[in-house]
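Each chain, written out:
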Amino acid sequence: MLDYMIYILTFAAGSILGLLYSYKQHGEPFVAVTALNIPFTIVSIVGWVLGFCSGNIILSAIGFLLAGFVMGERPGYGRKETAIGLIIAIIVYILKVNGMM
C-alpha cells in the first residue's frame, strides 16, 4: 500500500513541476499547440515505461514523476506527448507480460 502512495505523491509532484515549468515558458492563458515536442515525448515515453514496466519502487516513482511532469502541463500542452508515451508503455508492458521481451 505504501508503494501506491509513493507513486501518487511523485506523480502529483511531477504534475506541479510541469505546471510551473509551462507557466514559466509561456505566459498566454491557453494555447493549443499543434507541433509535437520531441524532448517531452521522450520524457513521457521513458516515464510511462519506467512507471509500468520497471518492477522497482524507486524507478517506478521516477517514471511517474517524469510522466506527471509532461501530463501536468498547462491546458493545450503535453496531450500528444502523453498519449504517445502511454501507447508505447502499454505495448512494452504487453510484450513483457507475454514473454516476448
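The structure contained in this document is the topic of the report that follows. Note that the coordinates shown come from a computational prediction; the quantities given were computed from them, not determined experimentally.

### A word on the overall build of the protein
Of regular secondary structure, the protein possesses four helices and zero strands. The order of helices and strands in the protein, counted from the N terminus, is α-α-α-α. Against the globule reference of 13 Å for 101 residues, the protein gives a C-alpha radius of gyration of 14 Å, in line with a compact fold. For the protein, the spread of C-alpha atoms along the three principal axes comes to 45 × 30 × 15 Å. Each of the 101 residues in the protein was classed as buried or not, and the buried ones make up 31%. Partitioning the intrachain contacts of the protein with sequence separation of at least 6 by distance along the chain shows that 77% fall at a separation of at least 24. Total accessible area on the protein stands at roughly 6300 Å², and carbon and sulfur atoms take up 77% of it. Separation between the mean location of the 5 positive side-chain charges and that of the 4 negative ones in the protein comes to 3 Å.

### Regarding the environment of I58
For I58, the location among the structural elements is in helix α3 (residues 57-71). Along the backbone, I58 and K80 are 22 residues apart, and their C-alpha atoms lie at a distance of 26 Å.

Cut-offs used in this document
- Residues numbered from 1 in each chain as written.
- Predicted model: local features only at pLDDT ≥ 70, side-chain atom pairs only at ≥ 80, totals over all residues.
- Heavy atoms only, no water.
- Helix = DSSP H or I, 4+ residues; strand = E, 2+ residues; numbered from the N terminus.
- Rg over C-alpha atoms; globule rule 2.2 N^0.38 Å.
- Buried < 20%, exposed > 50% of the residue type's maximum accessible area, 1.4 Å probe, protein only.
- Contact = heavy atoms within 4.5 Å.
- Areas by Shrake-Rupley, 256 points an atom, 1.4 Å probe, with all protein chains shown as cover.
- Lys, Arg positive; Asp, Glu negative; His and termini not counted.
- Charge placed at Lys NZ, Arg CZ, Asp CG, Glu CD.

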